[in-house]
Amino acid sequence: MFGVVPQYDQRQLFGIWMPIVDELQKRTGLSFELVSEPKIPAFEKRFQAGEYDFAYMNPYHVLKARASQGYVPLVRDRAPLRGILVVRKDSAVQKPSDLDNKTVAFPSPNALGASLLMRADLVRGHGISITPLYVKTHDSVYLHVAKGLADAGGGVQKTLQEQEPAVRDALRILYTTRDMPSHPVAAHPRVPKADREKVRKALLEMAETKEGQELLAKVPLKQAVAASPEDYAEMLAWGLEAFWVEE
């Protein structure tokens, strides 16, 4: 099984990933079943149980998956991941501390840049208390803020760029987190090393063709590079475990 973290609604997610998986099958000779879940917590339970042979997951998921199952990162985007906090363009909120005792939308408790690191920064860095509203996907976060259903929302720059102009243009970025290495495609250690390397090689080779670049850019995975566990090791010292929620 090839699992994908549900950053988008299921129709959009499968529209993005099915052509990529089809191309991987052609290039590697391996067979994949593309699967996802409507909610991130369900995805987390499945990778922590080791159900996925390959999975596209967030950077903190990699640490959790490596600790529980030994997943090995294969490929990631060269560009870093940054969490963002957005508000409506016409909002009176001008700084994170203005959100004290306000409602902030997040995709799920453990979405890294959008929620986990963001909540840690708001509490530790800005000393405020918020009411979290978990709305399943990044798309839903942006819609909630644009429609005034939440005072602010957590996302990442990459998914904000993927929004329809009507939604994206209604928002402004209030705060940006520190950089993190991007989401990787990772493999369970039960997958033979030769097959893992076939997938790594295929993704990197896809990134060198115009057609492959167009497919991967929709993830978005615009500059694919080889990934390793060491890329994510520094995050172990960030103390995010205190904000992780088991569901």
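A short tour of the structure in this document, coming up. All figures in this text were calculated on a predicted structure; none of them were measured in a lab. (Residues numbered from 1 in each chain as written. Predicted model: local features only at pLDDT ≥ 70, side-chain atom pairs only at ≥ 80, totals over all residues. Heavy atoms only, no water.)

**Re the overall build of the protein chain**
Inference 1: Counting secondary structure elements, the protein chain contains nine helices and 11 strands.
Inference 2: Taking 18 Å as the expected radius of gyration for a compact globule of 247 residues, we find that the protein chain reaches 18 Å, a close match to that expectation.
Inference 3: Considered along the principal axes of its C-alpha atoms, the protein chain spans approximately 55 × 35 × 25 Å.
Inference 4: Long-range contacts, defined here as pairs at least 24 residues apart, represent 79% of the contacts in the protein chain between residues at least 6 apart.
Inference 5: Of the accessible surface of the protein chain, which amounts to about 10600 Å², a share of 50% is contributed by carbon and sulfur atoms.
Inference 6: For the protein chain, the distance from the average site of its 32 positive side-chain charges to the average site of its 31 negative ones is 1 Å. (Helix = DSSP H or I, 4+ residues; strand = E, 2+ residues; numbered from the N terminus. Rg over C-alpha atoms; globule rule 2.2 N^0.38 Å. Contact = heavy atoms within 4.5 Å. Areas by Shrake-Rupley, 256 points an atom, 1.4 Å probe, with all protein chains shown as cover. Lys, Arg positive; Asp, Glu negative; His and termini not counted. Charge placed at Lys NZ, Arg CZ, Asp CG, Glu CD.)

**What to know about the nonpolar core**
Inference 1: If you look at the biggest cluster of nonpolar residues, it comprises 58 residues, and the most contacted ones within it are Phe2, Trp17 and Leu203.
Inference 2: Among the elements that make up this core, the one with the highest residue count is helix H1 (residues 10–28) (six residues).
Inference 3: Setting aside chain neighbours within four positions, we find phenylalanine 2 in contact with Trp17, Val21, Leu24, Phe32, Glu33, Leu34, Val35, Phe54, Tyr56 and Val185.
Inference 4: Residues Val87, Val104, Phe106 and Ala152 belong to the second largest nonpolar core, which totals 13 residues. (Core = buried A, V, L, I, M, F, W, Y, C linked by side-chain atoms within 4.5 Å. Buried < 20%, exposed > 50% of the residue type's maximum accessible area, 1.4 Å probe, protein only.)

**Quick look at the side chain of histidine 188**
Inference 1: Counting through the fold element by element, histidine 188 comes out in the loop between strand E10 (184–187) and helix H8 (193–206).
Inference 2: With relative accessibility at 8%, the residue histidine 188 sits in the buried group.
Inference 3: A distance of 2.9 Å separates the side chain of histidine 188 from the side chain of glutamine 69, its partner in a polar contact.
Inference 4: When neighbours within four sequence positions are excluded, histidine 188 is seen to be in contact with Gly50, Tyr52, Asp53, Gln69, Tyr71 and Arg196. (Polar contact = N/O pair within 3.5 Å; in protein donor to acceptor, adjacent residues only side chain to side chain.)

**Digging into the pairing of strand E6 (residues 103–106)**
Inference 1: Inspection of the sheet shows E6 paired to strand E7 (residues 131–134) by four bridges, in the parallel sense. Bridging from a neighbouring strand, alanine 105 pairs with leucine 133 of E7.
Inference 2: Since E6 and E7 lie parallel, the crossover through helix H4 (residues 112–125) that links them has a hand, and here it is right-handed.
Inference 3: In terms of strand pairing, E6 meets strand E8 (residues 152–156) through two bridges, oriented parallel. (Pairing = 2+ DSSP bridges. Right-handed = clockwise from strand over helix to strand, strands pointing away.)

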